[in-house]
Amino acid sequence: MEKIVALCKRRGFIFQSSEIYGGLNGFWDYGPLGVELKRNVKDAWWKDMITHHDEFETPPGAPQSFSMVGLDCSIIMHPQVWKCSGHYDLFHDFMVDCKECKARFRADHVGSSECPLKPSKHPGEHDKCQLTPPREFNLMFKTYIGALSGEEGAAFMRPETAQGMFVNFKNVCDTQRVRVPFGIAQAGKSFRNEITPRNFTFRSREFEQMEMEFFCHPSQSFAWYQYWRDRRYNWYVNLGLNSTRLRLRDHAQDELSHYSVGTADIEYAFPFLDQGDFGELEGVAHRGDFDLRSHSEGKLVRDAAGHLTPELGPDGKPKYPGSGKDLSYFDDQTRERFLPHVIEPAAGADRATLAFLCEAYTEDEQPDDSGAMQQRVLLKLHPRLAPLKAAVFPLVKKGGMPEFALELYREIKRAGIPCVYDQQAAIGKRYRRQDEIGTPFCITVDGQTIDDRTVTWRDRDTLEQRRLPADRIVEEIVNRLKT
Ligand code: ATP
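Residues numbered from 1 in each chain as written. Predicted model: local features only at pLDDT ≥ 70, side-chain atom pairs only at ≥ 80, totals over all residues. Heavy atoms only, no water.

**Q** Sorry if this is basic, but what is going on with the overall build of the protein here?
**A** From N to C terminus, the protein includes 13 helices and 25 strands. Considering only contacts in the protein between residues 6 or more positions apart, those separated by 24 or more positions represent 64%. Element-wise, carbon and sulfur atoms account for 50% of the exposed surface of the protein, whose accessible area totals about 22,500 Å². Of note, the protein has its 64 positive side-chain charges centred 3 Å away from the centre of its 71 negative side-chain charges. (Helix = DSSP H or I, 4+ residues; strand = E, 2+ residues; numbered from the N terminus. Contact = heavy atoms within 4.5 Å. Areas by Shrake-Rupley, 256 points an atom, 1.4 Å probe, with all protein chains shown as cover. Lys, Arg positive; Asp, Glu negative; His and termini not counted. Charge placed at Lys NZ, Arg CZ, Asp CG, Glu CD.)

**Q** So what exactly am I meant to see when it comes to the packing of aromatic side chains here?
**A** What describes a pair of aromatic rings is the distance from one ring centre to the other and the angle between the planes of the rings. On inspection of all chains with the given rule, the structure shows 28 aromatic pairs. Both rings, one in Phe214 and one in Trp224, keep their centres 4.6 Å apart while their planes meet at 50°; by these two values the pair is tilted. Here Trp224 lies in helix 7 (residues 221-238) and Phe214 lies in strand 10 (residues 206-216), a separation of ten residues in the sequence. For Phe214, a relative accessible area of 0% puts it in the buried group. Accessibility expressed as a relative area gives 0% for Trp224, which makes it buried. Ring centres 5.1 Å apart and planes at 15° place the aromatic pair Phe270 and Phe272 in the stacked group. Residue classification places Phe272 among the buried residues on the basis of a relative accessible area of 13%. Among the aromatic side chains, those forming a connected cluster through ring pairs are Phe66, Phe214, Trp224, Tyr227 and Trp228. In this structure, Lys83 packs its charged tip against the face of Tyr88, placed 4.8 Å from the ring centre. Arg232 extends its terminal NZ or CZ atom over the ring of Trp235, reaching a point 4.5 Å from the ring centre. (Phe/Tyr/Trp six-rings, centres within 6.5 Å; stacked < 30°, edge-to-face > 60°. Buried < 20%, exposed > 50% of the residue type's maximum accessible area, 1.4 Å probe, protein only. Lys NZ or Arg CZ within 6 Å of the ring centre and 35° of its normal.)

**Q** Sorry, what's going on with helix 10 (residues 401-414) here?
**A** Think of an α-helix as turning once every 3.6 residues; residues three or four places apart then point the same way. Over its 14 residues, helix 10 extends 20 Å from the first C-alpha to the last, a length consistent with the 20 Å expected when each residue adds 1.5 Å. Within helix 10, the full set of buried residues consists of Met401, Pro402, Phe404, Ala405, Leu408, Tyr409 and Ile412. Looking straight down helix 10, one finds that the buried residues subtend no more than 160° of arc, so they occupy a single side. For helix 10, exposure combined with an orientation more than 90 degrees from the buried face picks out Glu403 and Arg414. (Expected span 1.5 Å × (residues − 1). Arc of directions from axis to C-beta.)

**Q** So what exactly am I meant to see when it comes to the sheet that holds strand 3 (residues 67-70) here?
**A** Note on sheets: strands pair through backbone hydrogen bonds, and any given pair is parallel or antiparallel. Spatial ordering of the open sheet is given by 3-9-10-18-13-12-11, a layout of seven strands whose pairing is mixed. Each edge of the open sheet carries a strand with a single partner, namely strand 3 and strand 11 (246-250). The sheet shows a mean angle of 20° between the axes of neighbouring strands, direction not considered. Along the sheet, helix 7 contacts strand 3, strand 10, strand 11, strand 12 (262-268), strand 13 (279-288) and strand 18 (341-348); its crossing angle with strand 13, the most-contacted strand, is approximately 165°. (Pairing = 2+ DSSP bridges. Axes fitted to C-alpha atoms, helices over the stretch in contact; angles between N-to-C directions.)

**Q** Could you clarify how one ought to interpret the packing of helix 10 against helix 13 (residues 473-482) in this entry?
**A** Describing two packed helices takes the angle between their axes plus the distance from one axis to the other. At a minimum axis distance of 10 Å, the contact between helix 10 and helix 13 shows a crossing angle of 45°. Classified by the angle their axes make, helix 10 and helix 13 are oblique. You can see that helix 10 and helix 13 cross each other, and the crossing is right-handed. Facing helix 10, whose interface residues are Leu408, Glu411 and Ile412, helix 13 presents Ile473, Val474 and Ile477. Looking at side-chain class alone, the contact of helix 10 with helix 13 contains five nonpolar, no polar and one charged residues. (Parallel < 35°, antiparallel > 145°, perpendicular 65-115°, else oblique. Left-handed = near helix turned anticlockwise from the far one by under 90°. Nonpolar A, V, L, I, M, F, W, Y, C, P; charged D, E, K, R; others polar.)

Put into structure tokens, the structure is as follows:
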């Protein structure tokens, strides 16, 4: 993991936030290559979830196609949203302090891979340690709207993007030609005042989520839950996460959130975790009708019989009243009115980016320009995710090669493909520079190019080199990006 963190810093993928002032715990900046990588992760998600969303077979009995639309909601929402969603009362972790070393951390992390008191990091073993009793800590960042700094101006930075989709359900139904089943997706920043941010960007206080709420008929909700659970798992596999380090884990009944009828986590064996441990990349939850109901009726709790019912305050009235709006859906073909069930695949853009980086990091040995064996560091990123798709080099800085290479470079850029031109240093060194940042294809212009307009195409992973007509390079890159 240290090597990956060092590479991220050295090559400009990820920096500590406000580094010149000593950094700020739990906050990170994406550098010039990191911003491209993370954007590619988010673009791949947007394309696969929205633009090409219905290229997959739907569950038996369900419609063969469905709509998917996007949203971009505000980060600060009406405070009542968080009261009705349950976040105001329930979105907390329990924290404990070590009386010996004053470390503060999450009670549920004691003894886990994320525990800061592992013997290697702490002189005593955590179970012999002096811990304070657990105390509740709400994870939402509080802020104040306008000139009022009192409680009447208090608001929260969203801890998830999901609520934006629920409160806009009616707007989307009324303005778009959508029919249930359909999905609403959004990617954007979320904030959580994590007690112990750690493990690089894995647990940050400001991060990006990619969430989708899929509204369906209650009778088909389990089939759709299964569908999204499998489809989301395959998304990571197709983008290069090795399936032995990736797993799909169903939550046990006692692990389920208050709203959830069923949840499965997509998890990755990050190198900073203990052997055999996995960290969450994405949760796929069957949320039933909890969200639409709570934004209509007010915050819901389970009664003794296990049914969701509005929570009452001491005065016998709903503790946190909902909007009072009817958020049910009327199917004009079946003439049925119902409250849709929701399946939610909720992913983290930063955790996905980190997993792709960890999976891609590879070391091998290759001969350098003099033939001596040298260690090579490469990022085997999927071409869709790589920050740069191609690099163009003139073999040497003479004989018309730079001019030809620059023209080819410009042609690739004009096709909208992120590409770099490099004429500095020996060719082997230039290849290794690109390998280390994950550029999948390098194109070299040499003496023969000037005679016959062919160039050398070199593949980062296989190191295979072949000659291709320069006029076919753009087409070749475009085709390789489709796979
Ligand atoms: P954890 O149990 O690790 O705290 P969670 O179950 O609270 O995560 P969700 O509420 O399901 O996470 O959020 C959906 C996704 O958002 C997570 O799968 C993860 O990818 C991402 N995410 C959540 N918290 C953080 C964080 N502090 N830093 C980075 N990404 C996060």
